[in-house]
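Structure assessment
Read off the chains here:
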Amino acid sequence: MISFESLEVRYGPTIALKGISLTLEDGIVGLLGPNGSGKSTLLKTLLGLLTPSAGGGHVLGLPLGTHEAAKLRGRIGYMPEYDALIEDTSAYEQVAFWGELSGLTPEQARDRAHEVLYFVALDEARYRPVSGYSTGMRQRVKLAQALVHSPELVFLDEPTNGLDPDGRKRMLDLVLKVHGELGTSVIMASHLLEDVERVSDQLVILDKGEVKAAGSMAGLRKMLAKRFELRFLDPLNESQEAKLAELGTVLEHRNGIYDLELAAADPVLPFRFAKGLGAVLVQLTPRHDRLDEVLIRALRGKIGEPVETH
Amino acid sequence: MIRLERASLRYGDILGLSPTSFQLPESGGITGLLGPNGAGKSSLIQLLSGLLPPSGGLVSIFGESPFRNPAVLLRIGLVPEGDRFPVGLNGTGWLRMMGRLSGLSGAELDDALQRSLLAVGMETRAQLGFSSMSKGMRQRIRMAQALLHDPDLLILDEPFNGMDPEARLNLMDLMRTLAANGKRIIVSSHILGEVAQLTERILLLFRGRLLAEGSVPEIRELLDRHPVELRVASEDARQVARWAVEQGELVALRMEDGAAVLAVRNPRDFLPKLQDAIAAGQLPLNALDPLDLNLDAVFQYLTKDNA
Amino acid sequence: MPIYAPSLPPRPELSEGSHPIAVLAKFDLKRVIKRKVGFFIFGFIFLTILLIELIVLYGKYLINTSPGLGGLKEFANKIMTQGADYQAGLLDWWMLVPLWFMMAFMVGGIVSRDSLYRIRPLIYAHPVRPQDYISAKALSAFIIPMTVMLPFVLLPWGLSLAMAGKAGPIWVSAPLYLLPAAIIIGLLMAAVTLGASAMAGSPRASFGWVLGIVLGTSAIGGIFAGALQSKQWMAMSPYFLVQAWPQLIFNVGEPLLKWVPTLAGTVLHITFWTWIAVKRTKPSEAVL
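Described in the following lines is the structure provided in the data block. Since the structure is predicted, the reported quantities are computational estimates derived from the model, not experimental observations. (Residues numbered from 1 in each chain as written. Chains lettered and ligands numbered in written order. Predicted model: local features only at pLDDT ≥ 70, side-chain atom pairs only at ≥ 80, totals over all residues.)

Some remarks on the overall build of chain C
Across its full length, chain C holds 12 helices and zero strands. Taken from the N to the C terminus, the helices and strands of chain C come in the order α-α-α-α-α-α-α-α-α-α-α-α. For chain C, restricting intrachain contacts to residue pairs at least 6 apart in sequence, the fraction spanning at least 24 positions comes to 75%. (Helix = DSSP H or I, 4+ residues; strand = E, 2+ residues; numbered from the N terminus. Contact = placed C-beta atoms within 7 Å.)

Describing the interface of chain B and chain A
Taken together, the contact pairs 32 residues of chain B with 30 residues of chain A. Counting residues per element, the ones that place at least two in the side of chain B that touches chain A are α6 (165–180), α7 (192–198), α10 (267–279) and β13 (287–290) of chain B. If one sorts the elements of the side of chain B that touches chain A by residue count, α10 of chain B sits on top with eight residues. Along the lines of polarity and charge, the residues of the side of chain B that touches chain A split into 17 nonpolar, eight polar and seven charged. (Nonpolar A, V, L, I, M, F, W, Y, C, P; charged D, E, K, R; others polar.)

Focus on the nonpolar core
Val95 and Met188 of chain A are the most contacted members of the largest nonpolar core, which has 225 residues in total. The dominant element in this core, judged by the number of residues it contributes, is helix α9 (residues 174–199) of chain C, at 17 residues. Apart from the residues within four sequence positions on either side, Val95 of chain A is in contact with Ala113, Val116, Leu117, Val141, Ala144, Gln145 and Val148 of chain A. Membership of the second largest hydrophobic core comes to 33 residues, among which are Leu260, Phe271 and Ala279 of chain A together with Leu274 of chain B. (Core = buried A, V, L, I, M, F, W, Y, C linked by C-beta atoms within 7 Å. Buried ≥ 20, exposed ≤ 12 C-beta atoms within 10 Å, placed from the backbone.)

Remarks on the pairing of strand β3 (residues 29–34) of chain B
Residue and element names in this part refer to chain B. The buried count for β3 comes to five of six residues, which makes it a mostly enclosed element. With five bridges joining them, β3 and strand β7 (residues 184–188) adopt parallel strand pairing. Bridged to Gly29 within β7 is Arg184. The pairing of β3 with strand β8 (residues 201–206) spans three bridges and is parallel. Pairing of Leu33 across the sheet is with Leu203, part of β8. (Pairing = 2+ DSSP bridges.)

Some words on the sheet that holds strand β3 (residues 28–32) of chain A
Residues and elements named next belong to chain A. Ordered in space as β6-β7-β8-β3-β9-β10, the six strands form an open sheet in which the pairing is mixed. The sheet terminates laterally at β6 (76–79) and β10 (210–216), the two strands that pair on one side only. Pairwise comparison of adjacent strand axes, ignoring direction, gives a mean angle of 15° for this sheet. Taken together, the five bridges between strand β7 (residues 153–157) and strand β8 (residues 185–189) define a ladder with parallel strand orientation. (Axes fitted to C-alpha atoms, helices over the stretch in contact; angles between N-to-C directions.)

Quick notes on unusual backbone geometry
All names here are of chain B. The phi dihedral of Arg68 falls on the positive side, at around 50°, and the residue is not glycine. Assignment of secondary structure puts Arg68 in the loop between β4 (56–61) and α2 (70–73). Of the residues examined, Arg68 has 10 C-beta atoms within 10 Å and is grouped as exposed. Look at Arg207: it is not a glycine, yet its phi comes out positive at around 50°. With respect to the helices and strands, the residue Arg207 is situated in the loop between β8 and β9 (209–215). Take Arg207: there are 15 C-beta atoms within 10 Å of it, and that puts it in the partly exposed class.

Written out as structure tokens, the structure is:
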């Protein structure tokens, strides 16, 4: 889907992307990075709005930095972070407009506008001006707008921003459907690790114009041998807790969940131990790297080293 | 002690919060304040921080009503929602101004400034102007402001909004440290995962009513209409399923790739049996995951049941 | 009997649609027309002016043709100018002033509404080049005054022909003079409005900007004209420029402004305001 070879992009004297090399497969890519890390430069380069000053790459098979890059814009959908809505116009009309602007005929645009609005579950409200919409509805109009021309790749910038738990769940389900049902690849920039964890199969961590980590989610979040998360049906009392050390090293205890390193990678051991302790295990999860650990490690530039979270 | 007794808040005819009663202990700890948009979170925060008097009932913090009560207000620190900041001021200048407003001056103010900046990890960067700070840094300065007068109760309204992940993690660490040092923290958020990372104790508001207060496992146990789903990952998930059916406790059974999902009504009866069987080596098992014993499920069940 | 899963149809061809300029202009014109208040005011002024125009026309025709009105005819010919003055008067201040208001009110938002709703970055994320964007906006800003002026050019002319033939009060060749004048007026108004709209942050602000530019330059032009004792300095103002053009093209006896200042003023205004609009709508200004 995307490959960059030492891609460098400058804004006047400042180098916004410092020679990044990156390959991404079709799928859902989570893009993490603090503000000012180069996310929007990357997006502008993808859309052919900025020309690389060195290096280059291919997006959807088209080379960057040539006049062909402009063609990409018809094949990419973009959902901005802020409210880029035409307030005085109905959802249906503006989605159809964006479709036409991407190169659909007026008839196609109107049909597809209705279809994508069904896809994002916006019913009768589609005929009313968007100024009266709730945050959740507005976000879904923005998503519909990005999908109306059936792009091969969509860039979603903070799609769950400002949504409450229900709205977030719906939006993330939609993001999964975008790839699952429409076959459109997704790049989702988000500040919420939870969201990225839930939908993405690949991850890119960007900081100060450099790629700090990239790859498949499974590859980045390694399974940690002999590490398990344990939770008991009732909180342990102090003497029981003290005995936990016999089972393994307690690395962390937070909100009733113990993060243990066992002597051997045998999931039966904790059950036997709990029985002897007079406690009941309700959870035993082999532990892999958490996304926050991956992120902190990547930002501190120590990929591959384990991170101790106090 | 934080205590509400049938405290309600109306804005004219508009309901902010229905009569609500609950108590929180005074000792250190974090309580998550949850609810969808418009659930009454801001109303509750306005009552707790003494910005408004209750329309009815009683709000008592440290034994007194907080509204226009300097003795109580001096023990409360509030970090309001949003990223507003005074243009043209730097962090220290603003903090000094706010410190003077809370009655600090001279060496006392300098000490307080140093202490609170140290607590938020901004001791070297507070000289920066607000506009050149990142969102995370500004949030820390606002936290420092709330900590200036060394309050016992900290109220944070959506503190994580718009922050990048690293700043979020740092702020969570800061809150955990403060709680461990004896501060009572009430934090509102609509990102359930963040609250779950911070604390088990929640206040859940919905449509202006308090739906639940307490620890997540306790609340989940009260929701006994919803069977508990246990995902048992195993090399032989069929054997696990067969064994579970024989126990006669299953409400539902679903097979997944390499796992059996068992829905049981009484986990207190079922789990010890499962544990015994595994410990005795009768069942092969790789992992045991309760799917809905978490904050997410509690939130979903409570709001859906009351919709 | 299959169960049809709700899903989107196959990916459509993207090359069959209209050019982005056409799409943008169509959407803007639709939006302008839908603003009911503006449309009502515009329609009211338009119809009133047209009515007066037709009454004058009919009166002239009667005076010219009816033998019973012979005495009146002589008198009328004295007070009602005929010939080039009258023809040029079809596009005079009484219709250009409402037209300025209409530009400020209805077209003023053409660029600033995009700024207000922050949709320009999203437009540039589509297959739209900066020159497409500005061309589309300029096209809409030009089409709107033209649709207002065209009936005033063609209707009196057509009626005059229908009622009185070649002897009518309006020249048979009038459109040959009126159309170029209308086009230049349209271009100048479009450029000023476009520039003003690009400077403003909202449609309301652009209303002020358009009127401010028109009145401001008139005031400055007036000061220069007074100080330097030459009426030609009024060419600094687009308000006088648009009035001068029909007079110059019809070659009336004493035009408001002479050819050279009018031409220079017009070219300068169109270039300057277009340049402003191009500068202010560059994609690099758009924060994605």
